[in-house]
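Examining the three-dimensional arrangement
Listed below, chain by chain, are the residues.
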Amino acid sequence: HPGTGGLLGAMAEHYLLTGDREWFQKHADRMRKAADWIIRQRSLYLQEAPNRKDLWCAGLMPPFALSDIQWGKSHRRWWYHVDGWYCEGLRRFAEALREFDPAAAKKYLDEAELHRRQLGAAMERSIALTPVRPVSNGTYRSWIPTLCYTRGLMNEADQDRTWPQFDIVSAGVLPAIVYGRALDPQDPRVSAHLDILEDTVISGSGPDFYWRGAAQIGYNYIIPLYFQRDEVENFLRSF
């Protein structure tokens, strides 16, 4: 799921953790090409479209199939959580590159910040256009959809196959917040989104606990989000 952005971020993270300058310099050209490819994809996609800057998907990576969700049909969409990893990949690469080429690093930092702002704008538009959802105490909360051009849960929009893990505690929109920094973890709209997850999904009853409270272990991004929010009890419970 993280794609080229996730791989780039992991390579940059390797250098930032180890300080292995020889390793970084050996692979710097390949990492720079990956970063430039990300920028090109975002810059060139729909470049001839009228009023391109006003599109809901403006500034996002082109739509793509996600893992095995394709399964014989077109599921090419603008997944917010994957854009979050592309944001982080550019940013972490730039932070590593600062020690070798500060001028080039600034270029990539600027691109990462632009991507972050455009991803945030698309997510804010999603929140504004999506109906609020009820929780068990009779009140309502705002919901952050998984991708643009969707105004609710994916398993409601795609009746032929439900994929709740992409709506809830697994992938969902959370990596765009945790890694892409598109919204502040303490944003009230993030709090509202978590209220829905806690009330109707994580604590929900039903036979399919694997995709509800548990999720696949590598996908449970609610854990680092609670860490960023300093919600110790929720973090420890989910962890």
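In this text, all values refer to a predicted model and were calculated from it rather than measured experimentally.

**Describing the confidence of the model for the protein**
Overall, the predicted model of the protein reaches an average pLDDT of 85, with 81% of residues at or above 70. Long-range and interchain partners of residues 205-213, a stretch whose pLDDT sits below 50, account for 18 contacts in this model, where long-range means more than four residues apart.

**A few points about the nonpolar core**
Ranked by size, the top nonpolar core spans 59 residues in total, and within it Tyr80, Phe93, Tyr108 and Met123 carry the most contacts. When residues of this core are traced back to their parent elements, those giving at least two are helix H1 (3-18), helix H2 (21-44), helix H3 (80-97), helix H4 (102-129), helix H6 (174-178), helix H7 (188-202) and helix H8 (222-228). Broken down by element, this core gets its largest block of residues, 10 residues, from H3. Among residues more than four places away in sequence, those in contact with Tyr108 are Arg32, Ala35, Asp36, Ile39, Leu90, Phe93, Ala94 and Leu97.

**Some thoughts on the pattern of salt bridges**
One pass over the full model with this rule turns up 16 salt bridges. Note that Arg42 is salt-bridged to Glu111, the shortest N-O span being 3.6 Å. With a gap of 69 residues between them, Arg42 in helix H2 and Glu111 in helix H4 connect regions that are remote in the sequence. You can call Arg42 buried: its relative accessible area is 4%. We note a salt bridge from Glu124 to Arg189, for which the minimum N-O separation is 3.4 Å. Separated by 65 residues along the polypeptide, Glu124 in helix H4 and Arg189 in helix H7 bring together distant segments of the chain. Among the residues examined, Glu124 registers a relative accessible area of 37% and is labelled partly exposed. Residues joined by salt bridges that share partners form a network here, namely Glu13, Arg91, Arg92 and Glu95.

**Here's the deal with unusual backbone geometry**
In the Ramachandran plot, Asn51 falls in the positive-phi region, its phi being about 50° despite a non-glycine side chain. Within the secondary structure layout, Asn51 lies in the loop between H2 and H3.

**Quick word on the packing of H1 against H2**
One can describe the packing of H1 onto H2 by two numbers: an axis separation of 10 Å at closest approach and a directional angle of 155°. Considering the angle they form, H1 stands roughly antiparallel to H2. The way H1 lies across H2 gives a crossing that is left-handed. Facing Thr4, Gly5, Leu8, Met11, Ala12, His14 and Tyr15 of H1, the residues of H2 in contact are Arg21, Trp23, Phe24, His27, Met31, Ala34, Ala35, Trp37 and Ile38.

**With respect to the side chain of Glu95**
Locating Glu95 in the fold gives a position in helix H3. Of the polar contacts made by the side chain of Glu95, one reaches the side chain of Arg92; its length is 2.4 Å. Not counting residues up to four positions away in its chain, the partners in contact with Glu95 are Leu16 and Leu109.

Criteria and thresholds
Sequence order sets the numbering: in each chain, residues are counted from 1 along the sequence as written. This being a predicted model, a pLDDT of at least 70 is required before a residue's local features are given, and a value of 80 or more before pairs of side-chain atoms are given or counted; all residues contribute to the totals for chains, interfaces and linings. Heavy atoms throughout the structure, all of them, feed into the side-chain values; hydrogens and water do not. Summary of the metric used: pLDDT quantifies the predictor's per-residue confidence within the range 0 to 100. In this analysis, two residues are considered to be in contact whenever any of their non-hydrogen atoms come within 4.5 Å of each other. In these notes, a set of buried Ala, Val, Leu, Ile, Met, Phe, Trp, Tyr and Cys residues joined through side-chain atoms within 4.5 Å is what counts as a nonpolar core. Classification of residues uses two cut-offs on accessible area relative to the type maximum, computed with a 1.4 Å probe and protein chains only: under 20% is buried, over 50% is exposed, and between them is partly exposed. Think of it this way: any DSSP run of H or I at least four residues long counts as a helix, any run of E at least two long counts as a strand, and we number them from the N terminus. The salt bridge criterion pairs a side-chain nitrogen of Lys or Arg with a carboxyl oxygen of Asp or Glu, the two atoms within 4 Å. Interaxial angles span 0 to 180 degrees and are taken between N-to-C directions of axes, which are lines fitted to C-alpha atoms, for helices over the stretch in contact. Throughout this description, any angle smaller than 35 degrees is read as roughly parallel, any larger than 145 degrees as roughly antiparallel, any in the 65 to 115 degree range as roughly perpendicular, and the remainder as oblique. By convention, the crossing between two helices is left-handed when the near helix turns anticlockwise from the far helix through less than a right angle, and right-handed when the turn is clockwise. As used in this structure description, the phrase polar contact means that two N or O atoms lie within 3.5 Å; if the pair is within protein, one of them must be able to donate a hydrogen and the other to accept it, and residues adjacent in sequence are counted only when both atoms belong to side chains.

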